[in-house]
Amino acid sequence: MDAEELRLAVYAAFADGRTPTVATLAAEAGIPEAEVREGLGTLAAQRHLALGADGEIAMAHPFTSVPLGFSVMGSDRLWWGGCAWDSFAVPHLLPDQAPVLVATTCPACARPHAWSVGTDVPPPGDQVAHFLVPAARMWDDVVHTCGHQRIFCSVACVDTWLEASGNERGYVMDLATLWRLASGWYEGRLSRGYTRREPSAAADCLRRAGLSGSFWGL
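Report follows, based on the coordinates. Since the model is a prediction, treat every value here as computed from it, not as a measurement.

### Side note on the overall build of the chain
At step 1: Secondary structure assignment for the chain yields nine helices and ten strands.
At step 2: Expressed along its principal axes, the backbone C-alpha trace of the chain runs to roughly 55 × 35 × 30 Å.
At step 3: The 218 residues of the chain split such that 46% are buried.
At step 4: Positive and negative side-chain charges in the chain, numbering 16 and 24 respectively, have mean positions lying 5 Å apart.

Structure follows, in structure tokens:
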């Protein structure tokens, strides 16, 4: 099994609502687990996915095998949401599951929030998303990054959380901007031959979402 076949198997499992493990991937492909682990290491080096300390898949954006603050429920499937960005991206990647119900709690006050997120228009709401880590540094520790891309009741709740946690403010955006960012970011990821988004393409996507260079860390 080459790396692209393995990548497709990982994404097919996640898209179907299953968590791909080294053991299940090896069994389904009829190959040794050591070969799967080697292939996953290659994909992780290429930033197609992120591995946990145990060598299992932690994230394959926009999917995750670990809870990071969001749940996403489609028409007949349920996922952990990787972050605010990834959770809003799921209906665009899997339009047959749209609209999806994205649920979370405010990190500052624990107030519950839920939105019906579709592919045509952004969901209504006055909440804001806070991205702690600049985009240019997101892959320094991508699981930490995604764990700190959260949705808050308001900017006041962001400030409360920042004071309590001792963090400095990152990038704050409204739900419409978050939806626009998520809408096209993972396009083609379920198809053969997907190439990881290059910086120029990423910059174009950020511009279409109406984001400034400060989001990228510029």
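### Examining the sheet that holds strand 10 (residues 171-174)
At step 1: Ordered by their spatial adjacency, three strands build an open sheet running 9-8-10, and the pairing between neighbours is antiparallel. The open sheet is flanked by strand 9 (149-152) and strand 10, the only strands paired with a single partner. Averaged over neighbouring strand pairs, the angle between their axes works out to 25 degrees when direction is ignored.
At step 2: Pairing geometry for strand 8 (residues 128-131) and strand 9, over four bridges, is antiparallel. Paired with A129 across the two strands is I151, which belongs to strand 9.
At step 3: Along the sheet face, helix 6 (residues 155-165) touches strand 8, strand 9 and strand 10 and points at about 30 degrees away from the line of strand 8.

### Thoughts on the packing of helix 2 (residues 22-29) against helix 3 (residues 33-45)
At step 1: Contact geometry for helix 2 and helix 3: axes closest at 9 Å, N-to-C directions at 115 degrees. Judged on the interaxial angle alone, helix 3 and helix 2 are roughly perpendicular. In this structure, helix 2 crosses over helix 3, and the sense of that crossing is right-handed. For the pair helix 2 and helix 3, the contacting residues are V22, A23, L25 and A26 in the first and E33, V36, R37 and L40 in the second.
At step 2: Among the residues making up the contact of helix 2 with helix 3, the classes are represented as six nonpolar, no polar and two charged.

### Regarding unusual backbone geometry
Glycine aside, the phi torsion of most residues is negative, and most peptide linkages are trans.
At step 1: Note the cis peptide between H61 and P62, where omega equals 10 degrees.
At step 2: Counting through the fold element by element, P62 comes out in the loop between strand 2 (57-60) and strand 3 (63-64).
At step 3: Residue P99 follows A98 across a cis peptide bond; omega there is -5 degrees.
At step 4: One non-glycine residue, R47, lies in positive phi territory at about 65 degrees.
At step 5: One can find R47 in the loop between helix 3 and strand 1 (50-51).
At step 6: A positive phi angle is found at A110, which is not glycine, with a value near 70 degrees.
At step 7: As for its position among the elements, A110 is in the loop between strand 6 (100-105) and strand 7 (112-117).

The rules behind these values
Sequence order as written defines residue numbering, which begins from 1 separately in each chain. Under the rules for a predicted model, residues below a pLDDT of 70 receive no local features and side-chain atom pairs below 80 are neither given nor counted, while totals for whole chains, interfaces and linings still include all residues. Computation of side-chain values covers all heavy atoms of the structure but excludes hydrogens and water. Where helices and strands are cited, they refer to DSSP runs of H or I of at least four residues and of E of at least two residues respectively, numbered from the N terminus. Throughout this description, buried means an accessible area under 20% of the type-specific maximum (1.4 Å probe, protein chains only), exposed means over 50%, and partly exposed covers the range between. Here the positive residues are Lys and Arg and the negative ones are Asp and Glu; neither His nor the chain ends is included. By convention, the charge on Lys lies at NZ, on Arg at CZ, on Asp at CG and on Glu at CD. Paired strands, in this sense, are two strands between which DSSP finds at least two bridges. A fitted line through C-alpha atoms represents every axis, and for helices the fit uses only the stretch in contact; the resulting angles, taken between N-to-C directions, go from 0 to 180 degrees. Two residues form a contact once any of their heavy atoms are found within 4.5 Å. Here the angle decides the label: under 35 degrees means roughly parallel, over 145 means roughly antiparallel, 65 to 115 means roughly perpendicular, and every other value means oblique. A crossing counts as left-handed when the near helix is turned anticlockwise from the far one by less than a right angle, and as right-handed when that turn is clockwise. Note that Gly is not counted as nonpolar here; it falls among the polar residues with everything else outside the nonpolar set of Ala, Val, Leu, Ile, Met, Phe, Trp, Tyr, Cys and Pro and the charged set of Asp, Glu, Lys and Arg.

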